[in-house]
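A look at the structure
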Amino acid sequence: MPGIMKTLNNISRCQATYRKKTIAAQDLCPNHYAFVLNICHAPGRSQDELARALCLDKSTVARTLAHLEKHGYITRVPNEKDRRQYQVHPTEKMLDIYPKVLLANKGWNARLTENVPPEELEVFHRVLSRMEQNAKKITEELEVTSS
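Our next topic: a nonpolar patch on the surface. Together, Ile 4, Met 5, Leu 8, Ile 11, Leu 112, Val 123, Val 127 and Met 131 make up an exposed nonpolar region whose accessible area comes to about 590 Å². With four residues, the single largest contributor to the nonpolar patch is helix α1 (residues 4-23). Along the chain, Val 127 falls in helix α6 (residues 118-146). The exposure class assigned to Val 127 is partly exposed, which follows from its relative accessible area of 36%.

Written out as structure tokens, the structure is:
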């Protein structure tokens, strides 16, 4: 079987290049676009919720949010129920770039799937979804055993 991760990583790097050239936000790197999508889709999420949604460790999320806050893309507001947690909200600057990110993703997906029959895409998506569930289960098990 060919290296699944190598192929997925290559596709991901190509997408990062595509986003960088089509969105052209000077103070955002390709890894930040997943934050834009998640924060705009569900404003008010906590940093912990973002970490789980993006499958990233908490320190990476904290550093990225600090960058986004510094550049005016988000605000962090203390959670009224738990003052130790912060809710993350998009600013106008992030909301302005959100449609561009959505459009870039739509364009990327359309180009990426050109000449692939819909029935093959459906099977591929089902297999990838199962693999994603397995990956999340593995990382959850690792978190439990390392705590």
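With that settled, the discussion passes to the sheet that holds strand β2 (residues 74-78). Pairing is antiparallel in the open sheet, where three strands are placed in the order β1-β3-β2. Among the strands making up the open sheet, the edge pair consists of β1 (45-46) and β2. Both β1 and strand β3 (residues 86-90) contribute to a ladder of two bridges, which runs antiparallel. Within β3, the position partnered with Arg 45 by the bridge is Val 88. Against the sheet, helix α2 (residues 33-41) touches β1, β2 and β3, its axis set at about 100° to β3.

We now examine the side chain of Thr 64. Note that Thr 64 resides in helix α4 (residues 58-70). On the accessibility criterion, Thr 64 (12% relative accessible area) is buried.

Relative to each other, helix α3 (residues 47-54) and α4 sit at 115°, their axes nearing to 9 Å. Between α3 and α4, the angle falls in the class roughly perpendicular. For the crossing formed where α3 meets α4, the hand is right-handed. Between α3, through Gln 47, Asp 48, Leu 50 and Ala 51, and α4, the contact on the second element is made entirely by Lys 58, Val 61, Ala 62 and Leu 65. Along the lines of polarity and charge, the residues of the contact of α3 with α4 split into five nonpolar, one polar and two charged.

Turning next to the side chain of Asn 79. Looking at where Asn 79 falls in the secondary structure, it is placed in the loop between β2 and β3. Residue Asn 79 is classed as buried on the basis of its relative accessible area, which comes to 14%. Residues contacting Asn 79, with those up to four places away along its chain left out, are Gln 85, Tyr 86 and Gln 87.

A few words on the packing of α2 against helix α5 (residues 92-112). With their axes 10 Å apart at the nearest point, α2 and α5 run at an angle of 115° to one another. With respect to their mutual orientation, α2 and α5 come out roughly perpendicular. Crossing angle aside, the handedness with which α2 passes α5 is left-handed. Contacts from Tyr 33, Val 36, Leu 37, Ile 39, Cys 40 and His 41 of α2 reach α5 at Met 94, Leu 95, Ile 97, Tyr 98, Val 101, Leu 102 and Asn 105. Residues that form the contact of α2 with α5 fall into these classes: 11 nonpolar, two polar and no charged.

Calculation notes
Residues numbered from 1 in each chain as written. Predicted model: local features only at pLDDT ≥ 70, side-chain atom pairs only at ≥ 80, totals over all residues. Heavy atoms only, no water. Patch = residues over 30% accessible without salt bridge, like charges linked within 9 Å, V, L, I, M, F, W, Y side chains within 5 Å. Areas by Shrake-Rupley, 256 points an atom, 1.4 Å probe, with all protein chains shown as cover. Salt bridge = Lys/Arg side-chain N within 4 Å of Asp/Glu carboxyl O. Helix = DSSP H or I, 4+ residues; strand = E, 2+ residues; numbered from the N terminus. Buried < 20%, exposed > 50% of the residue type's maximum accessible area, 1.4 Å probe, protein only. Pairing = 2+ DSSP bridges. Contact = heavy atoms within 4.5 Å. Axes fitted to C-alpha atoms, helices over the stretch in contact; angles between N-to-C directions. Parallel < 35°, antiparallel > 145°, perpendicular 65-115°, else oblique. Left-handed = near helix turned anticlockwise from the far one by under 90°. Nonpolar A, V, L, I, M, F, W, Y, C, P; charged D, E, K, R; others polar.

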